[in-house]
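So the chains spell out like this:
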Amino acid sequence: MTIGKLMYSTNSRSYGFLLEDGKAAKEQYTTNCKNSNLQINSSSSSTEQLNSLLCALLLDSGRIISSATNRKYFRFSFHVKHSEWAHSCYQQLKAYGPDFVIEKEQTTDTRSELGFTERIVIESAPNPNAEALHTAWYQNGFKGIPLEFVEQHMTAKTLAWWYQESGHLKVKTCGTLEKLILSTEQWTEDELPLLQYALNRKFNMLFAIDGQRRLILYDQLQIKYFLSLVTQWIHPVFAYKIRNADVHKSIAKRTTIRLPNHISIPSPTKEINQIIQQYASSIEVTNDNFQRLNYARQEDNESKRYQVILTEENRDILCSVQASTGLTLGEIVQECFHQQNSLSPRPLNTLDDLSTTQQNIMLGSIIGDGTLRHTASKSMGIRSSYHEHFSIKQKEYRAWKVMKLHPYLEFKCKGTVIESKVSNLWSTLQSDFYAEKVKDKKRIKRLPVNQLANLNDLHSLATIYMDDGSLLLSTRVNHNYRKIYVTPHVALYLQSFTFKELLVLNEQIKKLTSAEFVLTGLPNGNGYYLRTSRTADTLQFLQDIEPIAITCPSMSYKTNWRYRFYMEKQRWHSKHPDYQLIASSRNRMRAYSSDEIATLKRMKQSGNTDQQIADALGRTYWSVVYKASELRSQNLL
């Protein structure tokens, strides 16, 4: 119960910042906020900027409340010891929504010696924006994650505000960053993956979820990048949340460096020292390369270990780069080779000139949307190159391919085509994947057995699926019980290949995933495609390709089941707001126990409907229908 409100004076405030130079910190923070407001106002409306700030507060403990007349308004609470931060939030909110007020509030608290606790509260007057956002954030009467709103309005400043309210930075005694935490315990197990998705889609960061339902970053690279994004927005009161000292750890003179197989080094000590000296000092993690560096950690390339003796100068350089970026020693050296190859690409003669990941993405692309073009040249005969045309809607996915195959693929024709330069590799693959051209007929793409054996990494299967696959959903609506049942299937639309070729491909797929695909008829192409027939196989396939799929979040509508299920919920909610959407699950695919069979028989004999039995058993309607039919055929019912 609130026992009193005291108006909080904003004119006679004293700032006690935690940084050593409090005045300078305050001035810098104020300047950043002003510059941001000017910058954002010039490019977007004040409503959009306000929504980015509201997004941060609502992701924490902020609420949208109904007044006595059922009009909606915002209410945000802050700990009294963070009053300076609360005042800063108030000033910035007021710049975009002048109906905000700030108050100090006392609330009864029997646990306190004083009998009450104090907090700072920012409230708005009832307004249309609160009405609109209440619809998004409180669909079923309870606060939930409106993914579209979060994805649209989350900015670096949103992230900073959210982190200040809900974040924690754990630092070891030596100064090394141990982990960064976003406290998200208020959100459900279904909502946390949505936040993971949003953070990945917006910032290319891969948060884990711990046992306490918190979002966590454990590695130095991501923590340091996160802090670089939010630092300019951190209020001096929370300076302890951005401690990011460069901890220099000595590097041994003789050490082991692991590099992918395609980087061939005849003289390891000499060549590695040379390339470190040439490129390492310029390495830094930026918005332009963080995505590539972070996602590369999901790759599992075949590699070699090199014993090298590092010069003293290079040890100092590596130590400094490692401390400032969070990259490992092997990643720094690999990045040096990447920079060198970007300037002067190595020739592609065989697949071995590419990494394991690159080989599999390339082969998957040729099986999928890609083509190999061949043109005649005067001096070198027929020469081939890679070509891939796509819809502009899939530009982000194709950018993922270009990033992974850099510098060998690049965008052409206003960004709707990917092409490579001519090289011997494409000529070899062209002769494998295409039959000899018959006069006046198109070339026929085929699946060569010798190349299918090279599909030895899940990147190939994931690429085939993202190129030519779909996540199919079959639905059944039960209007009597207001329930909608959704069953997912994965389809690989490779009907341009023959039945025999798809059989061979399916055998190779079995080596990559335990999910089973079956050949299914289709009235076009060569008449067949591959698909999963069981929900368990569908979910297993999506789980298997997840480490690859998370590096391409733009394709989540077909690779991320939780995201897709959320989108289906939103779609059906607009049609039937009071219906429950239920997804097929492995639990409902489990074998019937003796107790369940007994319950089914008893309820059938009592005249219960199949749907009533399904609800009682936690099964689908059709599962009960099929089981009852099976029992009848065995004279058990």
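Quantities reported herein were computed from a predicted structural model and do not represent experimental measurements.

**Some words on the overall build of the chain**
(1) Moving on: Per the secondary structure count, the chain includes 25 helices and 20 strands.
(2) Moving on: By the burial criterion, 51% of the 637 residues in the chain qualify as buried.
(3) Moving on: Taking as baseline every contact in the chain between residues at least 6 positions apart, the subset at least 24 positions apart corresponds to 70%.
(4) Moving on: For the chain, the accessible area works out to roughly 31000 Å², and carbon and sulfur atoms hold 49% of it.

**Re the confidence of the model for the chain**
(1) Moving on: Residue-level pLDDT values for the chain average 89, and 90% of them are 70 or greater.
(2) Moving on: Here residues 1-22 is modelled with pLDDT under 50, and outside its nearest four sequence neighbours on either side it reaches 50 contacts, counting other chains as well.
(3) Moving on: For the stretch residues 37-43, pLDDT sits under 50, and the model shows six contacts to residues farther than four places along the chain or on other chains.

**Examining helix 3 (residues 83-96)**
(1) Moving on: Taking 1.5 Å of rise per residue, 14 residues should cover 20 Å, and helix 3 covers 20 Å from first to last C-alpha, within 8% of that figure.
(2) Moving on: With eleven of 14 residues buried, helix 3 is to be regarded as a mostly interior element.
(3) Moving on: Buried within helix 3 are the following residues: S83, E84, W85, A86, H87, S88, C89, Y90, Q92, L93 and Y96.

**Description of the environment of V449**
(1) Moving on: Tracing the backbone through its elements, the reader meets V449 in helix 16 (residues 449-452).
(2) Moving on: In sequence terms V449 and F433 are 16 residues apart; their C-alpha atoms lie 9.7 Å from each other.

**Some details on the sheet that holds strand 7 (residues 177-182)**
(1) Moving on: Strand order in this open sheet of four strands is 6-7-9-8, and the pairing throughout is antiparallel. Edge positions in the sheet fall to strand 6 (167-171) and strand 8 (208-209), since each of these pairs with one other strand and no more.
(2) Moving on: Relative to strand 9 (residues 215-217), strand 7 is paired through three bridges, and the arrangement is antiparallel. Within strand 9, the position partnered with L180 by the bridge is L217.
(3) Moving on: Contacting strand 6, strand 7 and strand 9, helix 6 (residues 156-166) crosses the sheet at an angle of about 70 degrees to strand 6.

**Remarks on the pairing of strand 14 (residues 409-412)**
(1) Moving on: Note that strand 14 and strand 15 (residues 417-420) share four bridges and pair antiparallel. Bridge pairing links L409 to S420 in strand 15.

**Considerations on the packing of aromatic side chains**
(1) Moving on: Counted under the stated rule, the structure contains 18 aromatic pairs.
(2) Moving on: Geometrically, the ring pair formed by W85 and F238 is edge-to-face, given 5.8 Å between the ring centres and 85 degrees between the ring planes. One end of the pair, W85, is in helix 3; the other, F238, is in the loop between helix 8 (220-230) and strand 10 (254-260), and 153 residues separate them in sequence.
(3) Moving on: Members of the aromatic cluster, each reached through a chain of ring pairs, are W85, W161, F238 and Y240.
(4) Moving on: Between K558 and the ring centre of Y465, over which it is positioned, the NZ or CZ distance is 5.7 Å.

**Side note on a nonpolar patch on the surface**
(1) Moving on: Taken together, the side chains of F499, L503 and Y528 make up a nonpolar region of the molecular surface, amounting to roughly 250 Å² of accessible area.
(2) Moving on: Along the polypeptide, L503 turns up in helix 18 (residues 499-509).

**Quick notes on helix 2 (residues 46-59)**
It helps to recall that an α-helix has 3.6 residues per turn; residues three or four apart then point in one direction.
(1) Moving on: Counted at 1.5 Å a residue, the expected span for helix 2 with its 14 residues is 20 Å, and the 20 Å between its end C-alpha atoms agrees.
(2) Moving on: For helix 2, a buried count of eleven out of 14 residues is recorded, marking the element as mostly surrounded by other parts of the structure.
(3) Moving on: Listing the buried residues of helix 2 in full gives Q49, L50, N51, S52, L53, L54, C55, A56, L57, L58 and L59.

**Description of the nonpolar core**
(1) Moving on: By size, the foremost hydrophobic cluster in this structure holds 91 residues, and its most contacted members are F76, L93, W162, M205 and F226.
(2) Moving on: Looking at this core, the element that brings in the most residues is helix 2, giving eight residues.
(3) Moving on: What L93 contacts, discounting residues up to four positions off in sequence, is L50, L53, L54, L57, F76, F100, I122 and W161.
(4) Moving on: Within the second largest apolar cluster, 62 residues are counted, among which are L206, I367, L405 and F541.

Definitions and limits used
- Residues numbered from 1 in each chain as written.
- Predicted model: local features only at pLDDT ≥ 70, side-chain atom pairs only at ≥ 80, totals over all residues.
- Heavy atoms only, no water.
- Helix = DSSP H or I, 4+ residues; strand = E, 2+ residues; numbered from the N terminus.
- Buried < 20%, exposed > 50% of the residue type's maximum accessible area, 1.4 Å probe, protein only.
- Contact = heavy atoms within 4.5 Å.
- Areas by Shrake-Rupley, 256 points an atom, 1.4 Å probe, with all protein chains shown as cover.
- pLDDT = per-residue confidence, 0-100.
- Expected span 1.5 Å × (residues − 1).
- Pairing = 2+ DSSP bridges.
- Axes fitted to C-alpha atoms, helices over the stretch in contact; angles between N-to-C directions.
- Phe/Tyr/Trp six-rings, centres within 6.5 Å; stacked < 30°, edge-to-face > 60°.
- Lys NZ or Arg CZ within 6 Å of the ring centre and 35° of its normal.
- Patch = residues over 30% accessible without salt bridge, like charges linked within 9 Å, V, L, I, M, F, W, Y side chains within 5 Å.
- Salt bridge = Lys/Arg side-chain N within 4 Å of Asp/Glu carboxyl O.
- Core = buried A, V, L, I, M, F, W, Y, C linked by side-chain atoms within 4.5 Å.

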